[in-house]
Amino acid sequence: VRPSSESAQAWDRFQKALRAGRFGLVVGDPRAALVESVGQSLAAQSRRPIPWHFVLVNLDEPNAACTGEGTVYVTTRLFDLNLSRDELAGILAHEVAHGARQHVEHNQLELQRIGKTLDDRQAVLDRSKDLESRYRSGKISQDEYESQMERLMIEARKVGRQIDQAQSYVQFSS
């Protein structure tokens, strides 16, 4: 099975984080083999037949995460909780579900959309200030000012609805 572009990008992001020293990969530890074994067993049941990577990383907090489609890490501190194999499987299954459903990619797209919405909001504000300045300096008539301001208000309401949607997304996705 060839990895999807999202899977390849997730693995690349993970590799960059490793190189940047955000955490250290643990190799040769029996816990790493357990994570890989349990993870691969679960991934085989996934509805997304993609290459999966299950790795143990050295971080000071007990955690597991899917960094994108097909890439899951578990921290060494998670093992301090003395989890059973079944409990580890439950955690990894949760992360596999995130990867299989492409939640990370969806979140990245949503963040890009939110960024564009905020840019659109700033553009409306800038155009409004410019319009006000041109009107006050006599460069445009009152009729032209009111007409353009009416169009800007329609655009501002549209951007406002997009901001409301973004706030709802943030509220319900965290």
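Residues numbered from 1 in each chain as written. Predicted model: local features only at pLDDT ≥ 70, side-chain atom pairs only at ≥ 80, totals over all residues. Heavy atoms only, no water.

### Regarding the sheet that holds strand E3 (residues 64-68)
Taken in spatial order, the four strands make up an open sheet running E1-E2-E4-E3, and their pairing is mixed. Since the sheet does not close on itself, it has two edges, and those belong to strand E1 (24-26) and E3, each with one partner. Across the sheet, the mean angle separating the axes of adjacent strands is 40 degrees when strand polarity is ignored. Across four bridges, the pairing between E3 and strand E4 (residues 71-75) is antiparallel. Directly across from Gly-68, in E4, lies its bridge partner Thr-71. Contacting E1, strand E2 (53-58) and E4, helix H2 (residues 30-43) crosses the sheet at an angle of about 150 degrees to E2. (Pairing = 2+ DSSP bridges. Helix = DSSP H or I, 4+ residues; strand = E, 2+ residues; numbered from the N terminus. Axes fitted to C-alpha atoms, helices over the stretch in contact; angles between N-to-C directions. Contact = heavy atoms within 4.5 Å.)

### Structural notes on the packing of aromatic side chains
Applying the stated criterion to the full structure yields two aromatic pairs. Pairing Tyr-135 with Tyr-145 gives two aromatic rings, centres 4.4 Å apart and planes at 20 degrees, and the pair type is stacked. A residue pair is termed long-range when its members are at least 10 positions apart, and Tyr-135 in helix H4 (residues 103-136) and Tyr-145 in helix H5 (residues 142-173) qualify at 10 residues. On the basis of relative accessibility, which here comes to 15%, the residue Tyr-145 falls in the buried class. (Phe/Tyr/Trp six-rings, centres within 6.5 Å; stacked < 30°, edge-to-face > 60°. Buried < 20%, exposed > 50% of the residue type's maximum accessible area, 1.4 Å probe, protein only.)

Keep in mind that these numbers describe shape and distance, not what the molecule does.
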